[in-house]
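What follows is each chain in one-letter form.
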Amino acid sequence: MSPGLRRYIFVRILLTIPMVLILVTVVFFVLRVIPGDPAVAILREGASEEQLASFRAAAGLDQPLHIQYFRYISGVVRLDFGEAMKRSVPVMQEIRTFFPATVELAIYSMLITASVGIFFGAYAAHNRKSAADYGIRISSIILYSLPIFWLGLMLQMIFGAQLGWLPVSGRLSPGMTPGPEETITGLYTIDAILNRNWVLFKDAILHLILPSITLGLVLAGIFTRLTRANMLDVLEQDYITAGRARGIWERVLVYRHGLRNAFIPIVTLLGLQVALLLAGAILTETTFSWPGLGRLVVQRIYDRDFATLQGAIIFFALIVAGVSLIVDILYGFLDPRIRY
Amino acid sequence: MNISSPNTTAQTSKLVDENIGFVRRIWRGRIWYGTEWYITVIGGLILLGVTMMTILAPVLAPYDPNEFIGAPFTPPGRGQQALVSRTGENPVPSASEITDEVVGVQRNQNGVNLAKELNYEYERYQNQEELLTALENGEVDLIFINQELVPEVLGAYPNLGVVDEKLGRSYRLGTDNLGRDISSRIVWGARTILGVALASALLSSFVGIPLGLISGFAGGKVDRTLSLVMDSIYSFPGLLLAIALAAMLGPGLLNVAVAISVIYIPTFYRVVRGQVLSIKESLYVDAARSLGAKSSNILRRYIFPNVIPSVVVVFSLNIADAIITAAGLAFIGLGLPPDIPDWGYDLSKGHSFLVAGQWWMITFPGIMITLVAAGFSLFGEGLSEILNPRLVK
Amino acid sequence: MTNNQSSEPDILYKIRKLVVEYHTRGVVVTAVDHVDLDIQRGEVLGLVGESGCGKSTLGKALMRMIEPPGEIVGGELWFDGTELLSLPEREIREYRGSKISMIFQDPMTSLNPVQRVDEHIIETIKVHEPETKKSAALERAQALFERLGIQKRRLNDYPHQLSGGMRQRTMVSLGLALNADLIIADEATTSLDVIVEAKLVDQLEEIRKEFWVTILLITHNIALVAQIADRIAVMYAGKIVEIGYVNDVFLNPLHPYTQGLLQSVPNIKFDEREDLFKMPGEPPSLSDPPQGCRFHPRCPHVMPICTQVEPQLLENSPDQLVDCWLYQNLPEGYESTIEVEK
Amino acid sequence: MSEKPEVNIRENLVEVINLKKWFQIQSGMLDGVLSRETIYVRAVDGVSFNIRRGEVFGLAGESGSGKTTIGRLVIRLEEPTEGEVIFDGIDLASVKPSEMRKMRRRMQVIFQDPMASLNPRMTIGEAITHGLKIHFPGDSENHRDTAFNMMEKVGLTPPSSFYDKYPHQISGGQRQRVVIARALVTLPDLVLADEPIAMADVSVRALLLDLMVRLKNELNLTYLFITHDLATAKYICDRIGILYLGKMVEIGELRDVYTHPLHPYTQALMAAVPIPDPRERRTQTMPAGEIPNPINPPSGCRFHPRCPIAQAICSSEQPELQELELGHLVACHFAEDFL
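All of these numbers come straight from a predicted model, not from anything done at the bench.

A. Here's a closer look at the pairing of strand 11 (residues 314–317) of chain C. Residue and element names in this part refer to chain C. Of the pairings in the sheet, the one linking strand 11 to strand 12 (residues 320–322) comprises three bridges and is antiparallel in character. Looking at strand 12, one finds that L314 is bridged to V322. In this structure, the hairpin formed by strand 11 and strand 12 is closed by a connection of two residues, where D319 is found at a positive phi of approximately 70°.

Structure representation (structure tokens):
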């Protein structure tokens, strides 16, 4: 690894720390400082005075701000987000149980987004100004404008209720949940492969189809447009024309030379997509009652569980910061101009 | 040094600078921009439609969106009643002559409201069988049944005859679980969704644009700290931040708008800062500085006018995002208070009735949200291609 | 090889009545208007003209690389006996890179930044000679680099690690990788520093002799053509107005535009043409070119016929063609207002 | 229009003394903290020269020579790392910003790319009169006539047909005339012309050169003419300085430098420029290699790795500018051999 690259990675890692710190601080202020008393907002007007007081005490809101902040930060560093309200279960433990479901949904959705996005984006860029180009552009705009949960509901209605081909909710059919001895990663599809339990695998995949298509397709709307824009930039470069002048096949030019160059900015876009993915997961999980972190957040809003809400948000923030770090490092390896 | 494709600047200027009317210039843009023009115009038409719907809501909406006007779950196009009596013993030639006759109606059906409206004497029965047997054995002389059931009823009860048809209202898009007219809620909902989206876009631009200008123009430490903060928020899942904010602020038009606007401040910031940086480096700003122009003058006459086009594009795309996010918030119960007609709210309510087959409660609001959001995106995308191609990454 | 008359020099590329049009924004622009041009085997032909005269378009058309909204609408391209316009796309592709290759203006962007230099050359060789093994291709690449004065180790570098001059020489080696008969250099030295440009020009001279390759040098730099070219073709507003050997054309330019152009080229030698010729007006827009001879609005010897009828590119003396009424007998009804010794 | 205020005539309008401009490479937030020593690009590394009043002083050099940076330092578009710029006896470093803005009237700039140096959102009239509005806010009513007068002079006739047009509605040549009009309308003393005609076509170039010379004499201006094209410089410059990698290698009267250059780099440059005459084909061989990376320039004389006559001393000691002939300075240890 060249000194240039080592420096680049070192700087990127160091830069992540302030980023996470800022994110976590923003979450802290959002949940405490903006106008209105969080206790009232959470418990709604009906709450009596001592209910408000006990809520504030439980959430530690009655402490002076800087103490709250200090305890909050030390908690974040130790990944200890306190106890879930009314459940006396450490928030982190709840996150650990529900998060694998979100990861599994995210992985399959991302596969759909990336494959649809890159293929159609590259195709549209290659046949610029053709009917296909405009067709793809307009349909990707419509796709992105579809509210995720509405698409989910529609798919549920058509494929679930009407045609009955696919399960419409939950991760597995009742009674299929693997026991602790089989759970390795918490991702059913992966565990099923590792344990060669094809029945579980089939059931898990069936349950995954509708939600990941919903989330995957909607995000593919943006990803196609971004891939197309990057591909267009690349295809206009002189080295593509120079390649054509050397007799290189058009397909090779676009899908090998073009895509290899466009792939670098696309990787960084993947980093951004993860953030959109997690946001989308909240809605998808609620629609398909998918037992992931997203649905947990929504449920805990109904239960007015301030601690879990805060814990989940911070956890998401750390995930996003981690992913963007990995993506940036990948960027360094992919782009020879940084590697050497 | 020279431009490879032939230099058509002089010729194209003929197309542009004749002082023709504004509309004709837009129409002439068709040949100038080709399909980008069509995309922008389609987007523009959708926007126009939504704004018309907002302004003319009282005229367009047949009923008050919150009033329980019809029977719950009336399918689209349905709602009208038929007056049925025993054949041969028809006490009244048509509905208008009913004076003191008692009319049988079925609970939770539109017949009840119709009877009340025409202030007939009416008798309520639990279900259709009880209603029909009541008519048959003379408890009641006339009954209201849903117009679409007439063929089936007459088939089953040959001894009944239709006195009058197509009475009362039909609901173009049907009614929801509380019997409210969905088409009215759609029309009135436009005003809400546009209000929230516009308010949030304005809020985020009021904060994002000035910060972008300062950061781009000032540079140095200010620029580095600001861009670090903005980049971290930019990479954060927007909806989650909005959820946290909405949960804290509670329901309310402005609260939801604020919750959504926070996510898009970084978008405005990044685009404006990028533009300012590129313009600041341009030769004409150097020329202005060498003329001795003050910084404020440069900002006002050289930088800002050239930033506006990109801001308009981001504004339009931002509204599209805000619409979808607002619908998302409403779906998970953090939307507006129930008394404000809101498409997202209707969608979240419709969710639970889907299994029972009442598809129309969620289909129409969903289509409207997608249409309006797509409209703003089309308008923004087409505009960005026309103003400065491939600006909005 | 086509059989042609004994005295006639061996023509590599015969271009007849080539027309290329651009359809942009509802306006049709004729960038190349019925151009006739013969490129002799083994020569360096300088194609000069100001910006927007269509010389770059002509260069691309010779490789059939006109992209929409541009389009070759007429003419014949006889390359070494084969008419290229009638070939299907698949077959013309085989010509590109192996028989005709091109060097572009900006060395910084002509090489794929994520691909090593040797991969470029190996790929080009494999495209046209699939059966050649990778190692054989690498050897040819190393020989080429050595011949062009670049260290062999540079082959494993990425383009951004090479200097401007080295990159342009890499482009030259790509052009020679398959012993192309014709190299089209489109403003190949414009973005290089003057010393590096001079060295590249020297190398092009050596290569021409050693690889027996024909070079079409497209440039706006007329002094460069004087230095390296055998013959010069001057283009104006989509048409070739004069062709001839550099010595003849530079000493005795026939077409008024060529005369004006050569006198407005700055000369670094002192006491040479102390003040530059100031040609009136500006190059015309190609979307609605002036009636008749396109140079007539700026021509000092304009005659009535010039403003109505377009002249032809005819041979005024062996090896010197000119497209101007001064040197052609006028159709009846017009009289020549200016006495010019033929 | 008020006549230019009378100033005691001093022989040199501009004196540049040991000018340096180093650009820091890493400007990242954390980079400053991290790296042991910050790396600089020494774009301009100790350049001194004078510009006489009413003269066209040429500054020639290839890419990376720092000529554009020097131009921007002279008219204070950028602050030097070291060294002074004395404008008409005033050290620009000592001038307060507000005062500096007034001084700007006396030094204007013409850039290379006419399209990029005109604000797309301002009409031609607004662009030309903007300088007048800043420096002569008083008599704003005849700004339009002054602008018309100047447009007439630069050949934008009839001015009324150009005044309200936007830059994208006129041709390249016309745009450059607008840029010239904008620079000269406030009657400056010094005009920095940074490759003013490089983008123009050959036939248009002669017209622009002639225009610039005519206006210089008419408005008794002084030009700092920056170019990479030595052939064109011959037609406009009175004196010329040759730059290599941020340092001045030779300065002198045009005829001296062109007919018998003393520095090996200048000789190579003069030989490399193609002569538009097929009978005079170049025979001299060109120096080896290319311009090195400015981040770590060669030690001693920066040209020594490529110099045909380089000796041991050249790689250790930096040669200073010495006046070997009247008014002909050169920075080379062995320049005497070429006298």
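B. Fine view of a positive patch on the surface. A grouping of B:K294, B:R300, D:K96, D:R101 and D:K102 is seen on the molecular surface, where their side chains present a positively charged patch. Within the secondary structure layout, B:R300 lies in helix 13 (residues 295–331). For B:R300, a relative accessible area of 56% corresponds to the exposed category.

C. Seen up close, the sheet that holds strand 3 (residues 121–125) of chain B. Residues and elements named next belong to chain B. Taking strand neighbours across the sheet as the criterion, the five strands line up as 3-2-4-1-5 in an open arrangement whose pairing is mixed. Strands at the two margins of the open sheet, each flanked by one partner only, are strand 3 and strand 5 (160–167). When strand polarity is set aside, the average angle formed by the axes of neighbouring strands in this sheet is 30°. Alignment of strand 1 (residues 81–86) against strand 4 (residues 142–146), held across five bridges, turns out to be antiparallel.

D. Representation of the interface of chain A and chain B. Contacts between the two partners involve 56 residues from chain A, matched on the other side by 48 residues from chain B. Summed over both partners, the interface of chain A with chain B buries about 4900 Å², with 77% contributed by carbon and sulfur atoms. Linking B:E381 and A:R137 is a salt bridge whose minimum nitrogen-to-oxygen distance equals 3.1 Å. Summed over the shared surface of chain A and chain B, the result is five residue pairs in polar contact (both at pLDDT 80 or more). Elements with a minimum of two residues in the side of chain A that touches chain B: helix 1 (3–32), helix 2 (38–43), helix 6 (131–145), helix 7 (148–162), helix 9 (198–235), helix 11 (250–287), helix 12 (293–302) and helix 13 (306–334) of chain A.

E. The sheet that holds strand 10 (residues 239–245) of chain C, seen in detail. Residue and element names in this part refer to chain C. As summarised here, the arrangement of the eight strands in space is 6-7-8-3-9-10-12-11, forming an open sheet in which the pairing is mixed. Here the strands that pair on one side only, and so sit at the sheet edges, are strand 6 (100–103) and strand 11. Each strand of the sheet is rotated relative to its neighbour by a mean of 25°, with strand direction disregarded. One ladder, built from four bridges, connects strand 3 (residues 44–48) with strand 9 (residues 231–236); its direction is parallel.

Rules used in this analysis
- Residues numbered from 1 in each chain as written.
- Chains lettered and ligands numbered in written order.
- Predicted model: local features only at pLDDT ≥ 70, side-chain atom pairs only at ≥ 80, totals over all residues.
- Heavy atoms only, no water.
- Pairing = 2+ DSSP bridges.
- Helix = DSSP H or I, 4+ residues; strand = E, 2+ residues; numbered from the N terminus.
- Patch = residues over 30% accessible without salt bridge, like charges linked within 9 Å, V, L, I, M, F, W, Y side chains within 5 Å.
- Areas by Shrake-Rupley, 256 points an atom, 1.4 Å probe, with all protein chains shown as cover.
- Salt bridge = Lys/Arg side-chain N within 4 Å of Asp/Glu carboxyl O.
- Lys, Arg positive; Asp, Glu negative; His and termini not counted.
- Charge placed at Lys NZ, Arg CZ, Asp CG, Glu CD.
- Buried < 20%, exposed > 50% of the residue type's maximum accessible area, 1.4 Å probe, protein only.
- Axes fitted to C-alpha atoms, helices over the stretch in contact; angles between N-to-C directions.
- Contact = heavy atoms within 4.5 Å.
- Buried area = accessible area lost by both parts, 1.4 Å probe.
- Polar contact = N/O pair within 3.5 Å; in protein donor to acceptor, adjacent residues only side chain to side chain.

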